[in-house]
Amino acid sequence: MSQHRHPGASGRAGVVPALPDLPEATVARLPEYLRALHNLAETGHETISSEGLASAAGVNSAKLRKDLSQLGSYGTRGVGYDVALLIDQIEYVLGLTQRRAVALVGVGNLGHALAGYDGFATRGFRIAALFDADPKRVGEEISGLVVRHIDDLPRVAAEEAIAIGVIATPAAAAQRVADELVAVGVTSILNFAPCVLSVPDGVDVRKVDLAIELQILSFHEHRKASLTRLPATGGSTLTALPGGLAAPDTQEAIGT
């Protein structure tokens, strides 16, 4: 495999593979490591142990070491990882060495909040254009950007070299917006609409559905509540699902 040293790491130990073929789970954890590393750098840390970084990122240390080894970063025994170098390596692999232009489509309540989020700029992204189909929204200024009509997407995408599209529209409009983004050459889409998008091969979509996340948390709340109702001694604690089989104790009673 060819090797590539990040330009900012000249003369420093650690060679990053050109573009390592990483598992999706590893890619999903890299931003967590990066956020933790930036926090460590801001508080004056020059090195960090794998255990310390894992704790800061909220992951298992063995998993962290395996993930980072795939970047060619193994740390130094007794010292740990060089924080600045590891930031360089992860930012290079994530493609954050250049600021990527982002187009946000849909400036309702959620889109308005996303447009004003300062965190994008500090992590290598530039909200370059805002779009909406509602004439009442077009012309509105949000965080220094004027909302344009979605019909202007082809021209603006070319002028601003849009790399990533963010969809914050209602579900009914999301597929059409995705089609328009793909048509102007956008191959990465972040979808906040509560629907599944159909896109061609070569187009990557990440879905963020806040309602689904709340439903998952609801499951955990339900499970914790059911565990607090467990009897002090042994015995079956299963509860029948709606339309499903009755709990074992009930079945036993019926069969006797």
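Everything quoted here is computed from the prediction, not taken from an experiment. (Residues numbered from 1 in each chain as written. Predicted model: local features only at pLDDT ≥ 70, side-chain atom pairs only at ≥ 80, totals over all residues. Heavy atoms only, no water.)

Colleague: Can you lay out the overall build of the chain for me, pointing to particular residues and giving the numbers?
Modeller: From N to C terminus, the chain includes 9 helices and 11 strands. Taking the intrachain contacts of the chain between residues at least 6 apart in sequence as the baseline, contacts between residues at least 24 apart amount to 53%. In the structure as shown, the chain presents an accessible area of about 15,300 Å², 55% of it carried by carbon and sulfur atoms. (Helix = DSSP H or I, 4+ residues; strand = E, 2+ residues; numbered from the N terminus. Contact = heavy atoms within 4.5 Å. Areas by Shrake-Rupley, 256 points an atom, 1.4 Å probe, with all protein chains shown as cover.)

Colleague: Describe in detail the side chain of serine 50, supporting the description with residues and values.
Modeller: The residue serine 50 is located in helix H2 (residues 50–57) in this model. Excluding residues within four positions of it along the chain, serine 50 makes contact with Ser61, Leu64, Arg65 and Tyr81.

Colleague: Run through the layout of surface pockets, naming residues and quoting values.
Modeller: Each pocket or cavity is described by its volume, and for the largest pocket that value is around 1,900 Å³. Lining the largest pocket are 39 residues, and of these Val27, Pro31, Leu94, Phe125 and Arg206 lie nearest its centre. For the lining of the largest pocket, the secondary-structure elements that each account for two or more residues are helix H1 (24–42), strand E5 (100–105), strand E6 (125–132), strand E9 (162–167), strand E10 (188–191) and strand E11 (204–207). In terms of residue count, the dominant contributor to the lining of the largest pocket is H1 (7 residues). Along the lines of polarity and charge, the residues of the lining of the largest pocket split into 24 nonpolar, 6 polar and 9 charged. If you count residues domain by domain, the lining of the largest pocket takes at least three from each of domain 1 (24–93) and domain 2 (100–210). (1 Å grid on protein atoms, 1.4 Å probe; cavity = no way out; pocket = protein on both sides within 12 Å on 5 of 7 lines; lining within 4 Å. Points joined across faces, edges and corners; volume = space filled by probe spheres on them. Nonpolar A, V, L, I, M, F, W, Y, C, P; charged D, E, K, R; others polar. Domains from an automatic or database assignment.)

Colleague: Account for the pairing of E10, with residues named and values stated.
Modeller: Side-chain alternation along E10 places Ile189 and Asn191 on a buried face and Ser188 and Leu190 on a face that remains uncovered. Note: E9 against E10, 3 bridges, orientation parallel. Bridged to isoleucine 167 within E10 is asparagine 191. (Buried < 20%, exposed > 50% of the residue type's maximum accessible area, 1.4 Å probe, protein only. Pairing = 2+ DSSP bridges.)

Colleague: Report on the UniProt feature "DNA-binding region" (unreviewed entry) in the chain, specifying residues and quantitative values.
Modeller: On the UniProt side, "DNA-binding region" (unreviewed entry) is annotated at positions that read residues 32–71 here. The span residues 32–71 is 70% helix and 5% strand, and its two end C-alpha atoms sit 15 Å from each other. (UniProt positions renumbered as here; feature names shortened; annotations may be inferred.)

Colleague: Could you give an account of the packing of H2 against helix H3 (residues 61–69), with specific residues and numbers?
Modeller: Put simply, H2 and H3 touch, their axes get as near as 9 Å, and they point 105° apart. Between H2 and H3, the crossing angle belongs to the class labelled roughly perpendicular. Across the interface between the two elements, Ser50, Glu51, Leu53 and Ala54 of H2 pack against Ser61, Leu64, Arg65 and Leu68 of H3. (Axes fitted to C-alpha atoms, helices over the stretch in contact; angles between N-to-C directions. Parallel < 35°, antiparallel > 145°, perpendicular 65-115°, else oblique.)

Colleague: Lay out the sheet that holds strand E7 (residues 141–142) in plain terms, naming residues and giving numbers.
Modeller: On the basis of which strands lie adjacent, the open sheet formed by 7 strands has the order E7-E8-E6-E5-E9-E10-E11 and mixed pairing. Only two strands of the sheet have a single partner each, and these edge strands are E7 and E11. Inspection of the sheet shows E5 paired to E6 by 6 bridges, in the parallel sense. Within E6, the position partnered with leucine 104 by the bridge is leucine 130.

Colleague: Any chance you could break down the pairing of E9 for me, citing the residues and the numbers?
Modeller: Within a regular beta strand, the side chains point alternately toward one face of the sheet and then the other, so they alternate between its two faces. Within E9, 5 of the 6 residues are buried, which leaves the element mostly enclosed by the surrounding structure. Where E5 meets E9, 5 bridges bridge the pair, whose relative direction is parallel. Following the sheet pairing, alanine 103 is matched in E9 by glycine 165. Regarding topology, helix H7 (residues 171–183) serves as the crossover connection from E9 to the parallel E10, and that connection is right-handed. (Right-handed = clockwise from strand over helix to strand, strands pointing away.)

Colleague: Before we move on, could you go through the confidence of the model for the chain and cite the residues and values that matter?
Modeller: Where the model shows low pLDDT, its predicted coordinates should not be examined in detail. Model confidence for the chain is summarised by a mean pLDDT of 86, while 83% of its residues fall at 70 or above. Here residues 1–17 is modelled with pLDDT under 50, and outside its nearest four sequence neighbours on either side it reaches 42 contacts, counting other chains as well. Every residue in residues 249–256 scores below 50 in pLDDT, and together they form 3 contacts with partners more than four places removed in sequence or on other chains. (pLDDT = per-residue confidence, 0-100.)

Colleague: I'd like to hear about the packing of H1 against H2, residue by residue, with values.
Modeller: In the contact formed by H1 and H2, the axes pass within 8 Å of each other and the chain directions differ by 110°. Compared by their axis directions, H1 and H2 come out roughly perpendicular. Contact with H1, carried on its side by Glu32, Tyr33, Ala36, Leu37 and Leu40, involves Leu53, Ala56 and Ala57 of H2 and no other residues of that element. Tallied by class, the residues present in the contact of H1 with H2 amount to 7 nonpolar, no polar and 1 charged.

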